[in-house]
Amino acid sequence: MLRDVTLGQYFPGDTIVHRLDPRTKLTLTLIYIVALFLAVDYFSYAVMIVVLAACIIISKIKLRVILRGVKPLLIVIIITGLLNLFYTKGEPILSFWIIKITVEGIKRAVFMILRIVMLIMGSFLLTYTTSPVALTDGLESLLSPLKKLRFPVHELAMMMSIALRFIPTLIEETDKIMSAQKARGANFETGNLFQRAKALLPLLIPLFISAFRRADELAVAMESRCYNGGEGRTKMKSLHMAPRDWIALFLGALLLAGMIVMNVYKI
Amino acid sequence: MAPIIKTENLRHLYSEGTPFEHVAIDDINFSAEKGEIIGIIGHTGSGKSTFIQHLNGLLKPSSGRVLFNGEDIFSSKTFTHEVRFKVGLVFQYPEYQLFEETVYKDIAFGPKNMKLSEEQIDISVRGAAEFVGVDEELLNKSPFDLSGGQKRRVAIAGVMAMQPDVLILDEPTAGLDPSGRDSIITNILRYHDATGCTIILVTHSMEEIARSVDRLVVFNKGHIMMDGAPSEVFEHDEELRSVGLSVPEVSLVAKRLRQLGLPIDRSVYTVEQAKKALLAVRGGAAGAP
Ligand SMILES: Nc1ncnc2c1ncn2[C@@H]1O[C@H](COP(=O)(O)OP(=O)(O)OP(=O)(O)O)[C@@H](O)[C@H]1O
Ligand SMILES: [Mg+2]
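Source: prediction; values computed, not measured.

## Concerning the overall build of chain B
Here is step 1: A count of helices and strands for chain B gives eleven helices and ten strands.
Here is step 2: Taking 289 residues into account, the globule formula puts the C-alpha radius of gyration at 19 Å, and chain B, at 21 Å, falls close to it.
Here is step 3: Based on the C-alpha atoms only, the size of chain B along its principal axes is roughly 70 × 50 × 40 Å.
Here is step 4: Counting over 289 residues, chain B shows a buried share of 50%.
Here is step 5: Contacts spanning at least 24 positions in sequence make up 63% of the contacts within chain B whose residues lie at least 6 apart.
Here is step 6: When the accessible surface of chain B is split by element, carbon and sulfur atoms take 51% of a total near 13,400 Å².
Here is step 7: Here chain B contributes 30 positively and 40 negatively charged side chains, and the mean placements of these two sets differ by 2 Å.

Laid out in structure tokens, this is it:
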């Protein structure tokens, strides 16, 4: 049910992709996204596909699982594809009524869809192979230069990790309350919009109450352990860059440079 | 008579098709007769809650069937919905499901969903509130202003008010003090005597249900390990201990006395019964020359 929402879900594993430092993975994902937007032609797309495929294979995450992340955005992807298909100027190969399909249109639509799908798959690969805690730790570390500008990096990261930590709890709770109300004959599935919105009250009220209660309890628990912000706070698992991280970053830089060259020379 | 609830080779997998997939219950064949009081007991994580959520169709079995009065509860959507009212399920820590402005309205949520008339709703709400010992004056209070124990009672009343044929309670006494526990169990038994419905009581504590149930079903690692009258089940005290369950102290004492040669019946496992049996033994001894 609700629990099967995979957005941002972490699949534990022990592959080299899992073991990379989260900072490395964040940087590489950024590089990957930039490279994806630099790709302009068959060869460059082929390179990107090979890179993504290699990462997926090494991470041992099933393709089916990664593709599941694409599903919710299917409609957006299809519409984008169709818009590109119909509204690209060029040599028409097929035309009826007001619709003209051009070779360029087909090419652009295919590239556009590829780009979006690969973008999603790449980002999901990051969240599938990196635990939320590692992810926020990495983000905090990468953003720490902003502390100089009095930007509350630590607080932001803490809020993010608490939010991530509580998503599964809240989903579980939602499941439970939903079941309990269904056991009393509540109906969440049928009725018009107004009826459905009203049917949600027995779910939302207990959920909010318990969320506030949890927030309260957590705040007390943190304060009673003397939490007072990031100042001077150390970490149990501090991040370390291993040789494999530098190698991965070097490969990433190589990819980026290659894509820039290909973009400039339109390969 | 056909059992009111019956399951056939029930099996449930959580997170099917993901790396987290695991079997919560497997090969469960269970049946309950009308009017029976059944205790379900098992170690934490043994699949008790998973199992009972199948009995009113909240969870769909991965394989196997659940029959209510001989009919598969998933045979049609309308029947599944009907069964929800016939098989009342009180969840673990049910107080977190309260949401209405007043206790009265909250208890009335179930009956209202059954589309009963206002008078019928009023009768069932007041009846249910009385069974669980919720006073008249509490009915107009907000459920959030009650104590934990009172909330629990209101939540149980919310299910009783639907007047189900089978009432299932998942650890109704968890987290309450001994007197609160006693009174909730007493209330449930009183409800049983008044309505004649089937009761399924899930619990961790042997002592608690030993004296109230006709039959005990022991769950272990997703399977039914034992199923029988309490006295039969308590005989296997070694096995029970090996899966992290205890038997009532009294039944251990009785067993030891039996080993010492006293004629104490195997069906002795409550203090009351033990007292009677011991007095009988002494009476018998005094009667002998
Ligand atoms: N919604 C769920 N998703 C995935 N796994 C679950 C879910 N609910 C329970 N489980 C798992 O299924 C198994 C059985 O759980 P269940 O809640 O039925 O046990 P229980 O006997 O009721 O335990 P307790 O006495 O602690 O309430 C456990 O291993 C549990 O981790
Ligand atoms: Mg349970």
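Past the structure itself, the notes keep going.
## Some words on the packing of aromatic side chains
Residues and elements named next belong to chain A.
Here is step 1: Summed over all chains, the structure comprises ten aromatic pairs over all chains.
Here is step 2: Arranged with centres 4.3 Å apart and planes meeting at 20°, the rings of Tyr45 and Phe111 form a pair that is stacked. Of this pair, Tyr45 sits in helix α3 (residues 42–59) while Phe111 sits in helix α6 (residues 103–129), and the two are 66 residues apart along the sequence. Across this residue pair, the class does not change: Tyr45 and Phe111 are buried.

## Focus on the pairing of strand β4 (residues 63–68) of chain B
Residues and elements named next belong to chain B.
Here is step 1: Alignment of strand β1 (residues 5–14) against β4, held across five bridges, turns out to be antiparallel. Residue Lys6 lies in a different strand from β4, and its bridge partner there is Leu67.
Here is step 2: In this structure, β4 lies alongside strand β5 (residues 71–72), joined through two bridges in antiparallel fashion. Of the residues in β5, the one forming a bridge with Phe68 is Glu71.
Here is step 3: Linkage of β4 to β5, two consecutive antiparallel strands, is achieved through a turn of two residues, within which Asn69 is found at a positive phi near 50°.

## Some words on the site of ligand 1
Here is step 1: Around ligand 1 lies a shell of 15 residues, among which Thr44(B), Gly45(B), Lys48(B), Ser49(B) and Thr50(B) are the nearest.
Here is step 2: Neighbouring residues of ligand 1 are distributed over chains A and B.
Here is step 3: The contact in question runs from an oxygen atom of ligand 1 to an N or O atom on the side chain of Ser49(B), over 2.6 Å.
Here is step 4: Protein chains bury 71% of the 630 Å² of accessible surface belonging to ligand 1 in isolation.
Here is step 5: Contributions of two or more residues to the shell around ligand 1 are made by β2 (22–32) and α1 (48–55) of chain B.
Here is step 6: Here the residues of the shell around ligand 1 sort into two nonpolar, ten polar and three charged.

## Points about the interface of chain B and chain A
Interfaces are often sized by the amount of accessible area the parts lose when they come together.
Here is step 1: Chain B puts 24 residues into the contact, and the matching count from chain A is 21 residues.
Here is step 2: Of the roughly 1,900 Å² buried where chain B meets chain A, counting both sides, 64% is carbon and sulfur surface.
Here is step 3: When the buried surface of chain B facing chain A is broken down by residue, Tyr96(B), Gln97(B) and Phe99(B) rank first, second and third, together holding 27% of it.
Here is step 4: For the pair chain B and chain A, the number of links is one salt bridge.
Here is step 5: For Asp106(B), the salt bridge identified is with Arg184(A), shortest N-O distance 3.0 Å.
Here is step 6: Counting the contacts that link chain B with chain A gives three residue pairs in polar contact (both at pLDDT 80 or more).
Here is step 7: Among the elements that line the side of chain B that touches chain A, the one with the most residues is helix α3 (residues 103–113) of chain B, at four residues.

## Notes on the coordination of the magnesium ion (ligand 2)
Here is step 1: Note on the magnesium ion (ligand 2): its protein donors are Ser49(B) (OG) and Gln92(B) (OE1). The metal-donor distances range over 1.9 to 2.6 Å. On the criterion of sequence distance, the pair formed by Ser49(B) in helix α1 and Gln92(B) in the loop between β6 (87–90) and α3 is long-range, its members being 43 residues apart.

## Side note on the pattern of salt bridges
Here is step 1: Going through the model one piece at a time under the given rule, you end up with 18 salt bridges over all chains.
Here is step 2: Residues Asp14(A) and Arg19(A) are paired through a salt bridge, measuring 3.3 Å at the closest nitrogen-oxygen approach.
Here is step 3: When its relative accessible area of 59% is taken as the criterion, Asp14(A) is described as exposed.
Here is step 4: In this structure Arg19(A) comes out as partly exposed when scored by relative accessible area, which is 43%.
Here is step 5: Glu82(B) is the salt-bridge partner of Lys86(B), the closest N and O atoms lying 3.6 Å from each other. Pair noted here: Lys86(B) and Glu82(B) are both in helix α2 (residues 77–86), with a separation of four residues, about one helical turn.
Here is step 6: Take Glu82(B): its relative accessible area is 39%, and that puts it in the partly exposed class.
Here is step 7: Residues joined in a network through salt bridges with shared partners are Asp237(B), Glu238(B), Arg241(B) and Lys255(B).

Quick notes on the rules
- Residues numbered from 1 in each chain as written.
- Chains lettered and ligands numbered in written order.
- Predicted model: local features only at pLDDT ≥ 70, side-chain atom pairs only at ≥ 80, totals over all residues.
- Heavy atoms only, no water.
- Helix = DSSP H or I, 4+ residues; strand = E, 2+ residues; numbered from the N terminus.
- Rg over C-alpha atoms; globule rule 2.2 N^0.38 Å.
- Buried < 20%, exposed > 50% of the residue type's maximum accessible area, 1.4 Å probe, protein only.
- Contact = heavy atoms within 4.5 Å.
- Areas by Shrake-Rupley, 256 points an atom, 1.4 Å probe, with all protein chains shown as cover.
- Lys, Arg positive; Asp, Glu negative; His and termini not counted.
- Charge placed at Lys NZ, Arg CZ, Asp CG, Glu CD.
- Phe/Tyr/Trp six-rings, centres within 6.5 Å; stacked < 30°, edge-to-face > 60°.
- Pairing = 2+ DSSP bridges.
- Near = heavy atom within 4 Å.
- Polar contact = N/O pair within 3.5 Å; in protein donor to acceptor, adjacent residues only side chain to side chain.
- Nonpolar A, V, L, I, M, F, W, Y, C, P; charged D, E, K, R; others polar.
- Buried area = accessible area lost by both parts, 1.4 Å probe.
- Salt bridge = Lys/Arg side-chain N within 4 Å of Asp/Glu carboxyl O.
- Donors = N, O, S within 2.8 Å, 3.2 Å for Na, K, Ca; no water.

Just geometry here; none of it tells us what the structure is for.
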